[in-house]
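Each chain, written out:
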Amino acid sequence: MIYGYQIIKTQFQSSNTTYYEALKEGTDKKFLIQVPEADYPTLDDLVSLKNDFEITNSNPMEGVLESYDLVKYQGGLAVVKEYFNGVPLNNYMEEKPFSLPAFLDLAIRMATILQGIHLHKIIHKNFNPYNILMGAESMKLKICNFEISTMLAKELSELSNSETIKGSLFHISPEQTGRMNRSIDYRTDFYSLGVTFYQMLTGKLPFQYTDMMELVHAHIAKVPLEPHKVNRNIPKTISDIVMKLMAKNAEDRYQSAEGIKADLEECLMQWNTTGKIGEIKISSKDHSPVLSISEKLYGRANEIEKLIYAFDRIKDSGVEMVLVAGYSGIGKTRLVNEIHKPIAKQDGYFTSGKFDQYNRDIPYSGFVQAFGNLTRLLLTESQENIDKWKHDILEVLEGNGQVLVDIVPELEMLIGDRKSTRLNSSHAN
């Protein structure tokens, strides 16, 4: 029950939220009510919902589902949104791939809406068919679910367990996985747009792994089969546009929604004129609206190779410590972070610590930082994995866990307090 509104029916579900059709009491005016899908939403769920409201209420945009009010709902929050008689695009895609003219029409409109979102300095970060609404009769498009969106020009994605990565893992950009050593900017949405186009054209996802870590690695390192090779009726030019959108590095993608629109419009014009689409020079009208400095690391291939070789040497068994030395600001952290990708490929854990010049009075500060980061990463896993790590660590420590807890306080959240850091014989068995 939501005070002041009468729920009529469930309209649709999108990501982790449910949208209800509702009437404002005393009127016949319809609204959509967005509520968390979970019966007992977490604080993170509520913060995300509030983020959606603030972005879509203060920035009215063409083609975006607008928010009107933030209200209390069952001890949590709900967002009152404009009414839209539509369902997620994914519902239409389950039936069959779109025809070429229908695809081009929808694709141009998606790029137009995305252009407006980016002009408002907003990065959606979760652009996929579940969050693209299509009118049941009008074929009009609306974008919803801005729960993880940001108004920052750039954002650094933290390395986390695949189960806690925010956004659809099937559509997420490589840099958004936190394993690319690259910051997130508006071009992350172009990758997700490319995956959406791929689905619309082929009826398939570019990567269909069920294992989450395999899926993450595929986004980072694997090149999908080109759309025109999946379906021979897809023109190569369209296929090239999709593959450019899905480039692993943001610098190799389109740099503006305007450039995407220009190429799609040229394809539609050719189709309407001749009934076919020939080759065009894609991205010829594509220009970045902002100055973007490449984040690619140059001149460190030899050092990166040594780090990867050390990892390959001990990944199955063995222990080694690698130290990277150099003057302050020379790029040690940047170098170390470059091995995110090969570690993700092997389903490994990445952590690092830095002996900072300002922490010289703290003993073992680099080790404390590294183990603290690793502990926080392990705590994002499933309860089953957490219990396994707890048992394995306590077994190795043989009752000396408190010594490490005193140095690495985060470890207490994993193995418990002073009393539980002793593994008795019955527990070990």
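Here we summarise the structure given alongside this text.

Some words on the packing of aromatic side chains
Thinking step 1. If you walk through the whole model with that rule in mind, you get 6 aromatic pairs.
Thinking step 2. Geometrically, the ring pair formed by phenylalanine 31 and tyrosine 68 is edge-to-face, given 5.9 Å between the ring centres and 90° between the ring planes. Taken as a pair, phenylalanine 31 in strand β3 (residues 30-36) and tyrosine 68 in strand β4 (residues 67-73) lie far apart in primary sequence, 37 residues in all.
Thinking step 3. When its relative accessible area of 40% is taken as the criterion, tyrosine 68 is described as partly exposed.
Thinking step 4. Between phenylalanine 103 and phenylalanine 197, the aromatic rings sit 5.2 Å apart at their centres with planes inclined by 85°, giving edge-to-face as the arrangement. Of this pair, phenylalanine 103 sits in helix α3 (residues 100-119) while phenylalanine 197 is found in helix α4 (residues 188-202), placing the two residues 94 residues apart along the sequence.
Thinking step 5. The class for phenylalanine 197 is buried, based on a relative accessible area of 0%.
Thinking step 6. Taken together, the aromatic side chains of Tyr5, Phe31 and Tyr68 make up a single cluster linked through ring pairs.

Quick word on the layout of surface pockets
Thinking step 1. Size it by volume and the second largest pocket reaches roughly 690 Å³.
Thinking step 2. Along the wall of the second largest pocket there are 32 residues; nearest its centre are Ser15, Asn16, Asn126, Gly167 and Ser168.
Thinking step 3. Elements with a contribution of two residues or more to the lining of the second largest pocket: α1 (43-58) and α2 (89-93).
Thinking step 4. With 4 residues, the top contributor of residues to the lining of the second largest pocket is α1.

What about helix α13 (residues 383-397)?
Thinking step 1. Helix length check: α13, at 15 residues, gives a terminal C-alpha distance of 21 Å against a target of 21 Å (1.5 Å per residue), a fit within 8%.
Thinking step 2. When α13 is considered as a whole, its buried residues turn out to be Ile386, Ile393, Leu394 and Leu397. Buried residues of α13 fall within an arc of 95° about the axis and therefore sit on the same side. Every exposed residue of α13 that faces more than 90 degrees away from the buried side is listed here: Glu384, Lys388 and Val396.
Thinking step 3. At its buried positions, α13 is contacted by α12 (365-378), α14 (401-407) and α15 (411-415).

Brief notes about the packing of α3 against helix α8 (residues 257-274)
Thinking step 1. Running from amino to carboxyl end, α3 crosses α8 at an angle of 160°, the nearest separation of the two axes being 9 Å. Between α3 and α8, the angle falls in the class roughly antiparallel. Judged by the twist between their axes, the crossing of α3 over α8 is left-handed. Between α3 and α8, the residues in contact are Leu100, Pro101, Leu104, Ala107, Ile108, Ala111, Thr112, Leu114 and Gln115 and Ala257, Glu258, Ile260, Lys261, Leu264, Glu265, Cys267, Leu268 and Trp271, respectively.

Considering the sheet that holds β4
Backbone-to-backbone hydrogen bonds pair the strands of a sheet. The strands run either parallel or antiparallel.
Thinking step 1. The antiparallel open sheet is built from 5 strands, whose spatial order is β1-β2-β3-β5-β4. Here the strands that pair on one side only, and so sit at the sheet edges, are β1 (5-14) and β4. Ignoring which end each strand starts from, the neighbouring axes of this sheet average 30° apart.
Thinking step 2. The sheet contact formed by β4 and strand β5 (residues 76-82) spans 6 bridges and is antiparallel. By the bridge assignment, aspartate 69 is partnered in β5 with valine 80.
Thinking step 3. Contacting β2 (17-24), β3, β4 and β5, α1 runs over the sheet at an angle of about 155° to β4.

Calculation rules
Throughout this description, residue numbers start from 1 for each chain and increase along the sequence as written. Only residues with pLDDT of 70 or above have their local features reported here, since the model is predicted, and side-chain atom pairs are shown and tallied only from 80 upward, although totals for entire chains, interfaces and linings are computed over all residues. With hydrogens and water stripped out, all remaining heavy atoms of the structure feed into the side-chain values. In summary, the pairing rule links any two rings of Phe, Tyr or Trp, Trp by its six-membered ring, whose centres are within 6.5 Å, and it sorts them by plane angle into stacked for under 30 degrees, edge-to-face for over 60 and tilted for everything else. Note on conventions: DSSP H or I runs of at least 4 residues are helices, E runs of at least 2 residues are strands, and numbering of each starts at the N terminus. The rule is simple: take the accessible area with a 1.4 Å probe, protein chains only, and divide by the maximum for that residue type; under 20% is buried, over 50% is exposed, in between is partly exposed. The way it works is a 1 Å grid over only the protein atoms, where trapped points that fit a 1.4 Å probe form a cavity and open points with protein on both sides within 12 Å along at least five of seven lines form a pocket, and then any residue with an atom within 4 Å of a point lines it. Grid points are joined across faces, edges and corners, and a volume is the space filled by probe spheres set on the points. By this rule, a helix spans an expected 1.5 Å times one less than how many residues it contains. Along the arc lie the directions from the helix axis toward the C-beta atoms. The contact criterion used throughout is that any non-hydrogen atoms of two residues lie within 4.5 Å. Lines fitted to C-alpha atoms define the axes here, with helix axes fitted over just the stretch in contact, and angles between the N-to-C directions of these axes take values from 0 to 180 degrees. Angle categories are assigned with fixed cut-offs, so that under 35 degrees is roughly parallel, over 145 is roughly antiparallel, 65 to 115 is roughly perpendicular, and the rest are oblique. Crossing handedness is read from the near helix: turned anticlockwise from the far helix by less than a right angle, it gives a left-handed crossing, and turned clockwise, a right-handed one. For two strands to be treated as a pair, DSSP must find at least two bridges joining them.

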